[in-house]
Every structure is written in C-alpha cells, then in structure tokens.
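Each chain, letter by letter, is given below.
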Amino acid sequence: MAEDFQSALTEREGIEQPLQVNPNLVRRKRKVLTLDDYVQGILKGDRVTLSRAITLIESANPEHFDMAQAIIEQCLPHSGNSLRIGITGVPGVGKSTFIEAFGKMLTGMGHKIAVLAIDPSSERSKGSILGDKTRMESLSVDPDAFIRPSPSGSTLGGVARKTRESIILCEAAGFDIILVETVGVGQSETVVKSMVDFFLLLMLAGAGDELQGIKRGIMEMADGLIINKADGDNRAKAIGAQAQYRAALKLFPRTENDWTVPVEVCSALECYAIDKVWNMILQYEAHTKANGYFFKNRTEQFVNIFYNWINFTLQNNFYNNEATQKEIDRLLPLIREKKISPYLAASKLIDKR
C-alpha cells in the first residue's frame, strides 16, 4: 500500500534554460580612461565622461584617489564661471518639483544647469535610493541639464563629501548654473552654505509652523526665502505666511553682505511666480558683486575646502592605519565591559598615534 503512495512533493523536471537570453549579445568591457581622456572629455561637455569622473572622485577605493585628484587639479583652472545655488527645505516642501520647474525655465532661457542632488543614505545598509532622476522626469531628459544624484553617506547635513569637487567638474564641463539640493533633514545646512553663492530656503504655509519654523540659525544663513505650494486654496495662506516672515526677518541684524532677505511665494506645480525667484537671485548676484562680497565668499570657499580636506585626510589616515585598527579592536571589549571609560580609551588611542 505504501509502495503505491505518490507524494505531491515529487520533483518534476523543469524547462531547460538557455545559456543566455541573447546568444548574439557581446558584453564589452568599458574602456579604461587615461587622465587626458577624462579631462578632455569633461572640457568637451561629454556627460558620460563627466559621470565617470564624478564616480571616480566619490569612490572610497584608495586606488582611485590619485587619478581623482589629478582630474580635479586639471579641471580647476576651467571652473568658477557658474552661479552656485544651494536649495534646502524640510522633506515634503517640494524641492524636487521646484528644481524641475526652475531648471526647465533656466534651460529655456539658454542656460546649462547641473543639479547635484544629495539623497539620504541608510544608516543600516549605507545605501541610497538615488531617485531624483525619476522625480524630475522632464528635466532629466533635457539636453541642457545634467542631474547627478549622490549618496549623502555619513556627512553632516546630508551633503556628499565630494560635492565640492563635483561642482568643479560640472563647471569645467560648461554648466553655468549649479544647483545643490540638500536632504533637508535639519542637521546642519552650514556645509551647503559654505560651497554656494546663493542659499535658498523653501518653506510651507498652512502647516501651523509659520513663526515656529523661524529658527535663527537656518534663517540667518538663507539669502532668499520661498513659500512653495502657493496653489489653489493654499495661495491665500502662503501670502499670509509671507507677511509674517517678512515682519520677523526685520528683527534680524544686517548681514555681512548688506542684503535684505526677500520673501516670495510660488507654486512649482503650477509654475507660478518661478521667474520671481530667478530675478531675486540675479539681484543678489549684482548686489554682492558690486560690494565685493561675492568674490570674498568665493575665496573663503577655497579656505573651507583646505580645512575640510585636512580633516578628511587626517581622519582617513588615522582609521586606515593598521596599528590603529588593532588598538581599537583591543579597546572596544574593554569599553563594552566598562573596564575603561570611552573618553580615556579615546585619549590613549590618540596619544599612541
């Protein structure tokens, strides 16, 4: 009886699979580019070469370091001819929608724009979605626009560590307007401020935070304030919020650049008053170039790069040192077992190095 029993779990033969879907498909290895290939490709505005160069400078592989630095050094004399605009705001304020509407307007005026969009990285997997190209469908296919999403990594404020170098490469490739979009997580937008000419803050109306949202630090850094999503029934609320923000900004002391921060309302969805934002930025550029602040700020950006690079190099060399890693492995169990305080352990580690 048992011999006649047939199990439903009996394995059946499957369909024989082909070795590959397309037998005529030939996989070709990408050409290994020389330094001259990278530099000449970037200067000619070749997007593929530009993308590969940015990937190279973002790489954590030590073998890519020397080539990346050589590319930056050779592109540096061809950079600096763009207007750099930082754009920030809380998640949900409509940054991507605004950038697409703003970018399409600028390319329609004959400008070439590069969007360096910083996507948040997972603290668990260290991965990023990098979905800005899907959120900016129209702009991503514009021949005069280049969108480069980058993972924020562990950099404070959600700004990729190599964004400054990416700006240099994009300028060398001929892009005259650089837009840097931050994650907008509210940690520290100082990093963005230190690498752009104009810092734009997007806000919402009708969220119950018109005055509560005025945080002195972020407001003092902003060169322009935009209340987005002023469409439909929300337009009246946006105009009301505009008046509140203007009144509050009058209480702030004069800035070093002697610029009165304007407050405008717009709707990126309906492309309403987007041109006012551009006029605001042009007025700021003319004002700061006339009083010399624009060029002073650019000089200070190089000083910031100098100090940031020192900090990165010291930290990188410290943690990549084999003796440091062994000492860390020895100290961590002692810290976890509370046999030594983390402060004393860190001090001992640094003193040994």
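Residues numbered from 1 in each chain as written. Predicted model: local features only at pLDDT ≥ 70, side-chain atom pairs only at ≥ 80, totals over all residues. Heavy atoms only, no water.

**Some thoughts on the overall build of the protein chain**
What counts, and what does not: Secondary structure counts use DSSP, requiring at least four H or I residues in a row for a helix and at least two E residues in a row for a strand, with both numbered from the N terminus. Exposure categories follow from relative accessible area, calculated using a 1.4 Å probe and restricted to protein chains: below 20% of the type maximum is buried, above 50% is exposed, and the middle band is partly exposed. In what follows, a contact means two residues having at least one pair of non-hydrogen atoms within 4.5 Å. Residue burial considers only the protein chains on display, and all accessible areas are found by Shrake-Rupley using a 1.4 Å probe.
Looking only at helices and strands, one finds 14 helices and seven strands in the protein chain. Counting the 353 residues in the protein chain, one finds 42% classified as buried. Summarising the internal contacts of the protein chain: among those between residues at least 6 apart in sequence, 75% fall at separations of at least 24. About 20600 Å² of surface is accessible on the protein chain, with carbon and sulfur atoms providing 54% of the total.

**Notes on unusual backbone geometry**
Residues apart from glycine generally show negative phi values, whereas peptide bonds are mostly found in trans. In the Ramachandran plot, K229 falls in the positive-phi region, its phi being about 60° despite a non-glycine side chain. Within the fold, K229 resides in the loop between β6 (224-227) and α10 (234-249). Judged by relative accessible area, which is 34%, K229 ranks as partly exposed.

**Considerations on the environment of A145**
With respect to the helices and strands, A145 occurs in strand β3 (residues 145-151). Given the relative accessible area of 4%, A145 is considered buried. For the pair formed by A145 and L106, sequence separation is 39 residues and the distance between their alpha carbons is 9.5 Å. In contact with A145, not counting residues within four places along its chain, are R47, T107, I113, L139 and F175.

**A look at the nonpolar core**
This is how it is decided: Only buried Ala, Val, Leu, Ile, Met, Phe, Trp, Tyr and Cys residues count toward a nonpolar core, and they belong to the same one when joined by side-chain atoms within 4.5 Å.
Counting residues in hydrophobic clusters, the biggest one holds 79 residues, and the most contacted among them are I85, F98 and F102. Those residues in contact with F102 that sit more than four places away from it in its chain are I85, L179, I274, V277, W278 and I281. Residues I328, I340, A345 and L349 belong to the second largest nonpolar core, which totals five residues.

**Points about the side chain of T182**
To be explicit about the condition: Under the rule applied, a polar contact is a pair of N or O atoms within 3.5 Å (in protein, one hydrogen donor and one hydrogen acceptor; residues adjacent in sequence only if both atoms are side-chain atoms).
Mapped onto the secondary structure, T182 falls in the loop between β4 (177-181) and α8 (190-193). T182 gets classed as buried once you look at its relative accessible area, which sits at 1%. A polar contact of 2.8 Å, which involves the side chain of T182, links it to the side chain of T88. The contact partners of T182, leaving out residues within four places of it in the chain, are I87, T88, K95, I118, E189 and V192.

**Remarks on the confidence of the model for the protein chain**
Do not read the predicted coordinates in detail wherever pLDDT is low. Defined as follows: The predictor rates its confidence in each residue with pLDDT, a number between 0 and 100.
With 79% of its residues at a pLDDT of at least 70, the protein chain reaches an overall mean of 83. Throughout residues 122-131 the model reports pLDDT below 50, and contacts reaching past four residues in sequence, or to other chains, amount to 15 contacts. With pLDDT under 50 throughout, residues 210-214 is counted as low confidence; its partners more than four residues away or in other chains account for ten contacts.

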